Amino acid sequence: MGMNDTPAGDRLHIGLFGCRNAGKSSLINALTGQDLALVSPTPGTTTDPVSKAMEILPIGPVMLTDTAGLDDAGELGELRVQKSLRVLNRTDLALLVSDGTMPPGPADRQLQAELERRQIPFLIVRTKQDLPAFRRGEIPGAIEVSVNDPAAIHRLRERIAAMPVSGAAPEPFICDRLVPEQAALLVIPVDESAPKGRLILPQQQVIRELLEADIPAIAVRDSCLEKTLAAMGDRIQIVITDSQIFGRVAAVTPPEMLLTSFSILMARRKGFLEQAVRGAKALDTIVSGDRILISEGCTHHRQCGDIGTVKLPAWIREYTGQEPVFTFTAGNGFPEDLSPFKMVIHCGGCMLNEPEIRFRRRCAAERQIPFTNYGIVIAGIKGILDRALSPFPGLL
Ligand code: SF4
């Protein structure tokens, strides 16, 4: 992702669902005006869901996901259908696409029922309007289009832009707890685990929010923390640090100064700070052999380095004195059945959108599995959770 791109977690996620011959892939290409090369010459051969970030006017930044046909058959086909349905977990708005020359089939009706059950906003799109066999008005309220008719595609874009989509405005990271007169000091390690030549998304987003609120943001690496505090301590209201060096930063930050971490702020932004604080208490009940799921939102090029896969397990072993069994997942690979796990420790989730985070939290809540976050667990292990939550009194 480039520095100027809208993060995946902040894009409107639009999923296209329908049967194999519905023309979903061609519709995506018509909507975006680009050939995404998702269309195979053989109909019905989109296999795994394919996502693409793009800008569609007048909608804005979106993430479009094309899925396999819901009427796919056979063992492999069923697997593909399951994968398609998993896309619903991160869908803000669904397009239920059906071949307008045919009456809607059972797969279409089942999907519509599922969308209604999950309260996911959706539009029904009937394609192939230019064919003589098109069944005009077959589904009341459906949008009828041909991918060869730019005016119809434009109307569809406008209908998408006008749809009320789920998701309340995200929580602020921190600015509602700060005053503009004093600065925020950000501690950002620049070591071998940090990505080369750039900041990671949680850091970028917190800085952006501070700038928007007219709060001075001063970024230092950990080696400069003490001298910066000595030079301008009385002009600083809060220290926000990378979780990995929480202990060291807490030791030199004056006790009366607010202190927290990017990861904790991200849990707040994503709406699960309270659940994460409750969930972290499960660490005190862990015994050898218990399974802990550590889950990250990024896949390859992990932005958060080895914190989840290396440092966190080592700290947990040391803190508990036990040998739990760790399972790691990354990107969209989150197990729906969490019953084998004693607890789930999630990263900040900055790359995941609101429906996906909500889905993961619900998977945990339904089975009463504690669900927490890197920053909270690390602060707990270092014995500074109360300090790390100092900007949010009443949570402990
Ligand atoms: S691992 Fe999680 S918190 Fe870190 S950059 Fe990826 S999604 Fe964001």
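Residues numbered from 1 in each chain as written. Predicted model: local features only at pLDDT ≥ 70, side-chain atom pairs only at ≥ 80, totals over all residues.

(A) Inspection of the overall build of the protein at higher detail. When helices and strands are tallied, the protein shows 13 helices and 14 strands. Computed over its C-alpha atoms, the radius of gyration of the protein comes to 24 Å, within 12% of the 21 Å expected for a compact globule of 396 residues. On the principal axes, the C-alpha backbone points of the protein span a range of 80 × 50 × 35 Å. Every one of the 396 residues in the protein was classed for burial, and the buried ones make up 38%. Restricting to contacts in the protein with at least 6 residues of sequence separation, those with at least 24 account for 73%. (Helix = DSSP H or I, 4+ residues; strand = E, 2+ residues; numbered from the N terminus. Rg over C-alpha atoms; globule rule 2.2 N^0.38 Å. Buried ≥ 20, exposed ≤ 12 C-beta atoms within 10 Å, placed from the backbone. Contact = placed C-beta atoms within 7 Å.)

(B) Molecular detail of the packing of helix α9 (residues 273-280) against helix α12 (residues 374-381). Two numbers describe how α9 lies on α12: the axes approach to 9 Å, and their chain directions differ by 40°. Relative to α12, the element α9 lies oblique. In this structure, α9 crosses over α12, and the sense of that crossing is right-handed. Of the residues in α12, those touching α9 at Ala276, Val277 and Ala280 are Ile376, Val377 and Gly380. (Axes fitted to C-alpha atoms, helices over the stretch in contact; angles between N-to-C directions. Parallel < 35°, antiparallel > 145°, perpendicular 65-115°, else oblique. Left-handed = near helix turned anticlockwise from the far one by under 90°.)

(C) Spotlight on the sheet that holds strand β12 (residues 325-330). Strands sit in the order β12-β11-β13-β14 across an open sheet of four strands; the sheet is parallel. On the outer flanks of this sheet lie β12 and β14 (371-373), each paired with one strand and no other. Neighbour to neighbour, the strand axes of the sheet diverge by 25° on average, direction disregarded. Examined bridge by bridge, strand β11 (residues 291-296) and β12 share six bridges and lie parallel to one another. (Pairing = 2+ DSSP bridges.)

(D) Highlighting the domain arrangement of the protein. One can read the domain layout of the protein as domain 1 (8-162), domain 2 (175-266) and domain 3 (272-381). Contacts between domain 1 and domain 3 engage eight residues on the former and seven residues on the latter. Along the lines of polarity and charge, the residues of the side of domain 1 that touches domain 3 split into one nonpolar, four polar and three charged. (Domains from an automatic or database assignment. Nonpolar A, V, L, I, M, F, W, Y, C, P; charged D, E, K, R; others polar.)

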